[in-house]
Amino acid sequence: MPIADKLVLQRQRHLKWPSLDWLERLLMILCGALCFGFSLSVTADIVTRTIGHPWLWLQEVTSTLFIYAIFIGAAVATRRNDHLYLTAISEAMHGRSRLIAEIVTRIVVLAVAFCLIRYGYLNYLRGFGSFRLPSGTPIASLYAVIPLSGMLVALFTIEQIANGIANGFDHPEPLEDETPVQPLDTEIERGARP
């Protein structure tokens, strides 16, 4: 694992519950599979259209994989503390002001998660009245991931709030390795042929 990735994991570790690590790994694998499937279906769609025999159902598969990857990816990014809010302002703060800024930011993310749950579920229910062509499946199949994503974002945000209050949001940046770089000897020895 590259050093930069290890440093990021060390910085984020204090905001996570180890009991949810398996869920993060599972969601990352799912995101990878969804992105791979999306790329494969787009490629197949292009190839089948180019040879003059388009598979119309591929557009449905592509849009489904894309939407699921976005919403599952948003939940994973929330767990990894990579998404949904700006850290530049709060990282410049320390102590009580940092704690307040981090909690307020996460409360906003929690409000967004509850909107995803509520309105995503309402859209899911309404989706049974519309159908996708050519398969005729209810459009609710696209909307099912929205409340699920909201629940995951809420879970991971609550995890960060609880751990941030217990362990603090303020964490020292790891020191960089101060190993000196040795200069290269660029002189050519006299009498030696290049």
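That block above? That's the structure.
With the rule as written, the count across this model stands at 7 salt bridges. Residue Arg79 is joined to Glu24 by a salt bridge in which the shortest nitrogen-to-oxygen separation is 2.6 Å. Taken as a pair, Arg79 in helix α3 (residues 57–79) and Glu24 in helix α2 (residues 21–50) lie far apart in primary sequence, 55 residues in all. For the pair shown, Arg79 and Glu24 are each scored as buried. For Glu102, the salt bridge is made with Arg106, and the minimal N-O distance between the two is 2.4 Å.

Here α2 is 30 residues long and its end C-alpha atoms lie 43 Å apart, about the 44 Å a rise of 1.5 Å per residue gives. Every buried residue of α2 is accounted for by Asp21, Leu23, Glu24, Leu27, Cys31, Leu34, Gly37, Ser41, Asp45 and Thr48. Contacts from the buried residues of α2 go to α3 and α7 (145–167). Trailing α2 by a residue or two, Gly52 shows a phi angle of about 90°, which is positive.

The rules behind these values
Residues numbered from 1 in each chain as written. Predicted model: local features only at pLDDT ≥ 70, side-chain atom pairs only at ≥ 80, totals over all residues. Heavy atoms only, no water. Salt bridge = Lys/Arg side-chain N within 4 Å of Asp/Glu carboxyl O. Helix = DSSP H or I, 4+ residues; strand = E, 2+ residues; numbered from the N terminus. Buried < 20%, exposed > 50% of the residue type's maximum accessible area, 1.4 Å probe, protein only. Expected span 1.5 Å × (residues − 1). Contact = heavy atoms within 4.5 Å.

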